[in-house]
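What follows is each chain in one-letter form.
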Amino acid sequence: MSTAVTNIGELVTWEEGRPLRHAAAFVVDAGRVAWVGDAARVPAADEVLDAGGAAVIPGFVDSHTHLVFAGDRATEFEARMAGRRYSAGGIRSTVAATRAAGTDALAALLASRVAELRRQGTTTLETKSGYCLDVAGEERSLRLARDVTGETTFLGAHVVPEGWDPDAYVELVTGEMLAACAPHARWIDVFCETGAFGADQARTVLAAGVAAGLLPRIHANQLGFGPGVQLACELGAAAADHCTFLSDADVAALADTGVVAGLLPGVEFSTRQPYPDARRLLEAGVRVAIATDCNPGSSFTSSMPFCIALAVRELGMTPLEALHAGTQGGAWSLRREDVGHLRVGARADFVVLDAPSHLHLSYRPGVPLVGRVLRAGRPA
Ligand SMILES: [Zn+2]
């Protein structure tokens, strides 16, 4: 079954040297982009999808979420907005709620959050464990996550749980917990930050994950300057996420190694912290991704359009750079060749906006502009 997508006001493909086209069309065959070109020359197809003059963009790739949890922390948000600072320790209250949740209830919460992301145009998502911090709970979280995405991340090293010696906990994470979780995960992650895990502990966690066949990524440099970004570069991690506080050496290391800087502006919005400087990274040649970090503590938004608008307004990106970071950048972060773009060969994951141009994503913030969402050419 082939589909010709026609009457597109603006088509964003991220083709080399030609990121977007006007008066364009594309053909989807067997779930993949089979042809891209001028609308006047579109080949015959089994059916036609008329975009009605709207913009068509690649589906968003949200390369950083924490969707497997129970409870919420709205009152903590309220306190922060009244002037209290964010600290990593609030994670423990979500841990208590998630441990107490039944498996069916947790699966239903996860499913409703994934549906929420899909409605807002996210066609590929990464999600993590990290809200149980015990062997059975982390394994359960990843088993549930595996049902909704192939991009699953073992984050047993989120914080040290109550009552544990930090070194003993690292031993558990890299031993019995890793053995239980690795079969359900693609990625290994650690929260390298004051109040969470230091450089040596983070290195131990990531190295153990790599030895178990997982690929490394890291939470780094969120709350202050620190060793996380350098560690990501040293280990060849796919991504260093947050990157809010970076030294010149950190920026240079990211540019040299090609480690993707994942910027999560929903966090700074929701914690009233200074935003990362995307302009500085782009000008240094660093590959940048934008993601939601959807989680109940520091960024309870599932909206990539909102994060793109923030990236334009607060991180110094142009609308096209921000869209690139939320699609192709996310795909780089997840080391995926098949998503995040609409070049020939891509999986046909795309969004028909209720707008004539990608500019409207940041020009009209907060407005629901995601019209149709398709994954592999079918309604998501
Ligand atoms: Zn996170």
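Please read all numbers here as calculations on a predicted model, not as lab measurements. (Residues numbered from 1 in each chain as written. Predicted model: local features only at pLDDT ≥ 70, side-chain atom pairs only at ≥ 80, totals over all residues.)

Draft legend 1. The overall build of the protein chain, seen in detail. Within the protein chain one finds 14 helices and 19 strands. In terms of overall dimensions, the protein chain is globule-like: its C-alpha atoms have a radius of gyration of 20 Å, near the 21 Å expected for 380 residues. The C-alpha extent of the protein chain, read off along each of the three principal axes, is 65 × 45 × 40 Å. Considering the protein chain as a whole, with its 380 residues, one finds that 55% of them fall into the buried category. Intrachain contacts of the protein chain at a sequence separation of at least 6 include 70% that bridge at least 24 residues. (Helix = DSSP H or I, 4+ residues; strand = E, 2+ residues; numbered from the N terminus. Rg over C-alpha atoms; globule rule 2.2 N^0.38 Å. Buried ≥ 20, exposed ≤ 12 C-beta atoms within 10 Å, placed from the backbone. Contact = placed C-beta atoms within 7 Å.)

Draft legend 2. Expanded view of the domain arrangement of the protein chain. Along its sequence, the protein chain is organised into domain 1 (2-59 + 341-379) and domain 2 (60-333). Using only C-alpha atoms to locate each centre, domain 1 and domain 2 end up separated by 30 Å. At the interface, 18 residues of domain 1 touch 22 residues of domain 2. Elements with a minimum of two residues in the side of domain 1 that touches domain 2: strand 2 (10-15), strand 7 (55-58), helix 14 (360-363) and strand 18 (370-375). A total of 3 residues in the side of domain 1 that touches domain 2 trace back to one element, the largest contributor, which is strand 18. (Domains from an automatic or database assignment.)

Draft legend 3. Structural context of helix 8 (residues 248-257). By the burial criterion, the buried members of helix 8 are Asp250, Val251, Ala253 and Leu254. All buried residues of helix 8 lie within an arc of 160 degrees about the axis, which places them on one face of the element. Facing away from the buried surface of helix 8 by more than 90 degrees, the exposed residues are Asp248, Ala249 and Asp256. The elements touched by buried residues of helix 8 are helix 7 (228-235), strand 14 (239-242), strand 15 (260-263) and helix 10 (278-283). Where helix 8 terminates, the next one or two residues include Gly258, which has phi positive at roughly 80 degrees. (Arc of directions from axis to C-beta.)

Draft legend 4. The packing of helix 4 (residues 135-146) against helix 5 (residues 166-181), seen in detail. The interhelical angle for the contact between helix 4 and helix 5, taken along N-to-C directions, is 25 degrees, at an axis separation of 9 Å. With respect to their mutual orientation, helix 4 and helix 5 come out roughly parallel. Seen along the crossing, helix 4 lies across helix 5 with a hand that is right-handed. Residue-level inspection shows Val135, Glu138, Glu139 and Leu142 of helix 4 in contact with helix 5, the latter providing Glu176, Met177, Ala180 and Cys181. Partitioned by chemical class, the residues of the contact of helix 4 with helix 5 number 5 nonpolar, no polar and 3 charged. (Axes fitted to C-alpha atoms, helices over the stretch in contact; angles between N-to-C directions. Parallel < 35°, antiparallel > 145°, perpendicular 65-115°, else oblique. Left-handed = near helix turned anticlockwise from the far one by under 90°. Nonpolar A, V, L, I, M, F, W, Y, C, P; charged D, E, K, R; others polar.)

Draft legend 5. Just the nonpolar core, in detail. Ranked by size, the top nonpolar core spans 121 residues in total, and within it Ala240 and Ala311 carry the most contacts. Looking at this core element by element, the count peaks at 7 residues for helix 11 (residues 304-314). No fewer than three residues from each of domain 1 (2-59 + 341-379) and domain 2 (60-333) sit in this core. Leave out the neighbours within four places in its chain, and Ala240 touches Ile218, Ala220, Gly228, Val229, Ala232, Leu254, Val259, Ala261 and Gly262. (Core = buried A, V, L, I, M, F, W, Y, C linked by C-beta atoms within 7 Å.)

Draft legend 6. Seen up close, the sheet that holds strand 19 (residues 378-379). The 6 strands are arranged 3-2-7-17-18-19 in an open sheet whose pairing can be described as mixed. Edge positions in the sheet fall to strand 3 (18-21) and strand 19, since each has one partner strand and no second. Pairing geometry for strand 7 and strand 17 (residues 350-353), over 3 bridges, is antiparallel. The residue bridging Pro58 from the neighbouring strand is Phe350, located in strand 17. (Pairing = 2+ DSSP bridges.)

Draft legend 7. Highlighting the packing of helix 5 against helix 6 (residues 199-211). Where helix 5 contacts helix 6, the two axes come as close as 10 Å, and the packing angle between them is 5 degrees. On the basis of their axis angle, the class for helix 5 and helix 6 is roughly parallel. Of the residues in helix 6, those touching helix 5 at Pro166, Val170, Val173, Thr174 and Leu178 are Gln201, Thr204, Val205, Ala208 and Gly209. Residue composition of the contact of helix 5 with helix 6, by class: 6 nonpolar, 4 polar and no charged.

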